[in-house]
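Secondary and tertiary structure notes
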Amino acid sequence: MTPHNILEDLWRAAQLPPEALAFAALSGADPVFPSSFRVGAAAQSTIAAAALAACEVGHQRGSARQRVAVEMAHAAIECTGWFSLDGQTPEAWDAFSGLYRCADGYVRIHTNFAHHREGALLLLGLNPATAQRQDAEKALLSWRARDFEEAAAKQHLVVTALRSFDAWDATPQGLALRTQPLFTIERIGAPQDAAPLTLPPLRDDALPLSGVRVLDLTRILAGPVGGRALAAYGADVMLINSPNLPNIDAIADTSRGKLSAHADLRTAQGRAALERLLGDTHVFVQGYRPGGLKALGYGIEDMARLRPGIVYVSLSAYGTQGPWADRRGFDSLVQTAMGFNHAEGQATGDGLPRPLPMQILDEATGYLIAFGAAAALWRQQREGGSWHVQVSLAQTGQWLRNLGRVPGGLAAVRPPMAPYLEVSPSGFGALCAVRHSAQLARTPAKWVHPSMPPGSSAPAWP
């Protein structure tokens, strides 16, 4: 499949007007990064889909269609998530994060959050205050990989055993995943339950999502990337963080273009603030653990009642079906569980597990969030109703696998990053990061608001 064929499939699945595809211009070919998988095509097609769908919303509002061009190398570099602050590149991984040998294989442990690190070390019988990585390496040699995976899951930790594709396919979760599409866009309730949330007509010189208001309740990469993309196309995006939860350094990069406010939804004050915002919100994106917001009264049915006509986007790790549907997970763990690390090791020839060259499951899923939100918004404007968009890292992984392999792809040399970088002021320091790779011919994508720390804005639309 060519990149344009891949884009056509995404577009068709979202039931968007086929004539808009003539305005997409995709250049480049895999391999652009060292991988046996089509990571460049995955980056390019999802970014192009998000940008083109945003432009289609603009066209629906009276603006002429415009050309959307995406170069594959630029898209792949954007999906590395690279950035620096005041000339310093933050460390991406905690010292205990990574792959460990077990008695019968490997596990990958994610410890970028302190409570996950502490929990994993305690499960290994180690003192979190004094343990070193070599202590964890020694302790895991006495565990079977899948036993440790299950023990960690029971304690709500984030660990996965290394599997091959065949081994993953034979698991109940792998079997469940094979029946799930890449994403779903479903109307909630009858059409008469909500009228179209009319957006004002759009001038040709305005960004296509100008006037669209998005609440971004996400924290770890995929969700924040989706909100950042919507902001680049003109949406007013407000990131809502709990003041009680930690964040990762990447928030400096993924907060470009967003307002950033605090609201503790476990308090009456925080709930009141969120519900005031909802009255003028078009899109609500959430990436908390499955069922987390529903337990607080903000699941899809609750939100459709509080804000009829809402487009509600849900992000999960492993999809909505199967025994792992409620399991926590991050990109690196999903890669390991599903077979990508094993497959890359086999393609290298030495058999040693090898990660993909970027967190492409997170990044591509982030752009699918923006794509799904824009597609659902387009349909809401035509048909009314409230809409639910669902994506997951594992469904994106299944899709990436189905795109096929790249012979000799691991020999590719990374393209230079410097031509695609830009520097901007931020509340975190001088932010050097990759500029957006979707080039809109008439209204160039841009981030109006500088990246700011959580709580920098009041929880109120300007």
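Rules and cut-offs
- Residues numbered from 1 in each chain as written.
- Predicted model: local features only at pLDDT ≥ 70, side-chain atom pairs only at ≥ 80, totals over all residues.
- Heavy atoms only, no water.
- Helix = DSSP H or I, 4+ residues; strand = E, 2+ residues; numbered from the N terminus.
- Buried < 20%, exposed > 50% of the residue type's maximum accessible area, 1.4 Å probe, protein only.
- Areas by Shrake-Rupley, 256 points an atom, 1.4 Å probe, with all protein chains shown as cover.
- Lys, Arg positive; Asp, Glu negative; His and termini not counted.
- Charge placed at Lys NZ, Arg CZ, Asp CG, Glu CD.
- Contact = heavy atoms within 4.5 Å.
- Polar contact = N/O pair within 3.5 Å; in protein donor to acceptor, adjacent residues only side chain to side chain.
- Core = buried A, V, L, I, M, F, W, Y, C linked by side-chain atoms within 4.5 Å.
- 1 Å grid on protein atoms, 1.4 Å probe; cavity = no way out; pocket = protein on both sides within 12 Å on 5 of 7 lines; lining within 4 Å.
- Points joined across faces, edges and corners; volume = space filled by probe spheres on them.
- Nonpolar A, V, L, I, M, F, W, Y, C, P; charged D, E, K, R; others polar.
- Pairing = 2+ DSSP bridges.
- Axes fitted to C-alpha atoms, helices over the stretch in contact; angles between N-to-C directions.
- Salt bridge = Lys/Arg side-chain N within 4 Å of Asp/Glu carboxyl O.

**Comments concerning the overall build of the protein chain**
- Counting secondary structure elements, the protein chain contains 17 helices and 16 strands.
- Counting every position in the protein chain, which comprises 462 residues, the buried fraction comes to 59%.
- In the structure as shown, the protein chain presents an accessible area of about 17,800 Å², 52% of it carried by carbon and sulfur atoms.
- When the 40 basic and 40 acidic side-chain charges of the protein chain are each reduced to a single mean position, those positions are 2 Å apart.

**Concerning the environment of T80**
- In this fold, T80 is placed in the loop between α3 (72-78) and β3 (83-85).
- Separated by 117 residues in sequence, T80 and L197 place their C-alpha atoms 36 Å apart.
- The contacts of T80, once residues within four sequence positions are left out, are F33, M358, E363, R414 and M417.
- Within the structure, T80 has its side chain in polar contact with the backbone nitrogen of W82 (distance 3.3 Å).

**Describing the nonpolar core**
- Counting 102 residues, the largest nonpolar core has Y233, I360, F371 and L400 as the members making the most contacts within it.
- Once residues lying within four places of it in the same chain are set aside, the contact partners of L400 are F37, R38, V39, A42, F340, L356, I360 and L361.
- Counting 21 residues, the second-largest nonpolar core is a separate cluster that includes F96, L121, A145 and V159.

**Some remarks on empty space enclosed by the protein**
- Counting across every chain of the model gives five cavities of 30 Å³ or more.
- Taken as a whole, the largest cavity encloses approximately 70 Å³ of empty space.
- R219, P224, A250, I251 and T254 are, among the 13 residues lining the largest cavity, the residues nearest its centre.
- Of all the elements in the fold, those that place two or more residues in the lining of the largest cavity are β9 (236-241) and α10 (251-254).
- Per-class residue counts for the lining of the largest cavity are six nonpolar, five polar and two charged.

**Here's the deal with the environment of T89**
- Structurally, the position occupied by T89 is in the loop between β3 and β4 (98-101).
- The partly exposed category is assigned to T89, whose relative accessible area is 48%.
- For the pair T89 and L356, spaced 267 residues apart in sequence, the C-alpha separation works out to 20 Å.
- With near-sequence residues (within four places) excluded, T89 lies in contact with W82, F83 and S84.

**Brief notes about the sheet that holds strand β5 (residues 106-109)**
- One open sheet accounts for three strands, arranged β4-β5-β6; its pairing is antiparallel. Edge positions in the sheet fall to β4 and β6 (159-161), since each of these pairs with one other strand and no more. Across the sheet, the mean angle separating the axes of adjacent strands is 25 degrees when strand polarity is ignored.
- Relative to β6, β5 runs antiparallel, the two sharing three bridges. For I109, the partnering residue across the bridge sits in β6 and is V159.
- Its contacts with the sheet put helix α6 (residues 145-154) on β5 and β6, and the angle it makes with β6 is roughly 155 degrees.

**Remarks on the pattern of salt bridges**
- Inspection of the entire model under this criterion finds 18 salt bridges.
- Here D30 makes a salt bridge to R38, at a shortest N to O gap of 4.0 Å. Comparing D30 with R38, the two get one shared label, buried.
- D94 is paired through a salt bridge with R117; the nearest N and O atoms lie 2.8 Å apart. Of the two residues, D94 sits in the loop between β3 and β4 while R117 sits in helix α4 (residues 114-123), which places them 23 residues apart along the sequence.

**Here we look at unusual backbone geometry**
- Cis geometry is found at the peptide bond from D30 to P31, where omega equals 5 degrees.
- Take P31: it is sitting in the loop between β1 (24-27) and α2 (39-60).
- Of note, the phi angle at D86 is positive, near 50 degrees, even though the residue is not glycine.
- Residue classification places D86 among the exposed positions, given a relative accessible area of 52%.
- Positive phi is not limited to glycine here, since L221 has a value of about 60 degrees.
- As for its placement among the helices and strands, L221 is situated in the loop between β8 (213-217) and α9 (222-232).

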